[in-house]
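# Residue-level structure breakdown
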Amino acid sequence: MLSISRLPAPVRLLLSTTTSARLRPFLSSRELHARAPSATPHVPVLLQEVLDAFDGVELKTFVDGTLGAAGHSTAVAKAHAELERLYGFDRDVTAHELARVNLATAMDVGPLVNLDVDSGRMLAGLPPAGRLAVPVLSNFTELAQTVAALAGDDAKVDGILLDLGVSSMQLDTDERGFSFMRDGPLNMRMDGSDEETAESAVNEWTESKLGQVIRDYGEERHWKAIARKIVQRRMEGRITTTQELVRAIGGKNVPGKKHPATKTFQALRIAVNGELDAVERVIPDAVEMLRPGGRLAIITFHSLEDRLVKWAFRKAAGMRAKDDETDPMMAMLNMPEEPREAKVKLVTRKPIKPRGEEEKANPPGEEGKEGKEGKGAAKKGLVDSMLENDP
């Protein structure tokens, strides 16, 4: 689901650990494209819907908080000749390698920025003006402080895009451990690190904690039985691969139905990456970063993200949730009982769904929007109601 918002709100400086990386030398788009093998042919999800979301907005500065292979950003850059700076955030080094190739077809690409590196050296060697993409090795929770460090006094932006969830590129990489349809190490870390992984979770968490995570983040009604099965299986030996976990979960995979491991894999991925907490934290910062007339759009893929974003947008727009007031997601957002001063306005109030041709552009995969993950598009979501900062 795609959500759009225009906002000014108090900034919370958010810090998270990032992986170290070298600064890459500046290359013009012509030089970089000449060195690269080829741009990835992947068609990003909801591409036309994203372009429509920013249509009519003067985008001089744009932030892609979930850069991936830069499919959305590249298309946005080509559609907006006025674009001067594009900041692309992703904690996956492999994604940045692909993104550089794609972005180079639309604009010059700067060095990979790492928050562990002194900000004074971040833009060394970059041209003072011109169209430039600045890739940033970081989680999107650090949007505000990073753009402020890079842009100085002019840290406001005209557009922000967040494409939540796991990418098809990550699903297709066996060694990342995201897919229950492939065999690989049980990692599931978005940044590919070996901090707390899905392997450590299923082998070291208590049965009670496993059950709670599967229930709350996977919305799995058989959470007790699955947690018990995992604990029983690990007593025979450590669970180290995706297929070992699939067998521990059990159940029959019926064609046309959701795979029995779908919700457990979703829950573990969300938990080890702190995905929902990151979404809850970034929205107020994104609101503060927008210039008058700026716009925020968020693509969501499952009901937890959907509800979290919807209510956070309503809160920013000075509204309160009308339904589901007992939902635990409400407590996370501290939704007010009475409306507060609006910081932004909702551009759309209903989700923007993908067009029919989306299914053809993105071939079937095992992880789609909630429903039959085995039959949906590789990544299929909705554009949530959008937010806009009133001029």
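The structure under discussion appears in the preceding block.
Residues numbered from 1 in each chain as written. Predicted model: local features only at pLDDT ≥ 70, side-chain atom pairs only at ≥ 80, totals over all residues. Heavy atoms only, no water.

## Quick word on the nonpolar core
With 38 residues, the main nonpolar core has V63, F140, L143, I160, I283, M289 and I298 as its most contacted residues. Of all the secondary structure elements, the ones that give two or more residues to this core are β3 (85-90), β6 (132-137), α6 (143-151), β7 (157-163), α13 (275-289), β8 (290-300) and α14 (303-316). When residues in this core are grouped by element, the largest group, eight residues, is from α13. (Core = buried A, V, L, I, M, F, W, Y, C linked by side-chain atoms within 4.5 Å. Buried < 20%, exposed > 50% of the residue type's maximum accessible area, 1.4 Å probe, protein only. Helix = DSSP H or I, 4+ residues; strand = E, 2+ residues; numbered from the N terminus.)

## A look at the packing of α13 against α14
It is the contact of α13 with α14, at a shortest axis distance of 10 Å, that shows an interaxial angle of 25°. Relative to α14, α13 is oriented roughly parallel. When you trace α13 past α14, the crossing you get is right-handed. For the pair α13 and α14, contact is made by E275, L276, V279, E280, I283 and V287 and by L304, E305, L308, V309, A312, F313 and A316, respectively. Taken together, the residues that form the contact of α13 with α14 break down as 10 nonpolar, no polar and three charged. (Axes fitted to C-alpha atoms, helices over the stretch in contact; angles between N-to-C directions. Parallel < 35°, antiparallel > 145°, perpendicular 65-115°, else oblique. Left-handed = near helix turned anticlockwise from the far one by under 90°. Contact = heavy atoms within 4.5 Å. Nonpolar A, V, L, I, M, F, W, Y, C, P; charged D, E, K, R; others polar.)

## Structural notes on the environment of L112
When you line up the elements, L112 lands in the loop between β4 (108-109) and β5 (113-114). By relative accessible area, L112 is classed as buried at 3%. Along the chain, L112 and L137 lie 25 residues apart, while their C-alpha atoms are 6.7 Å from each other.

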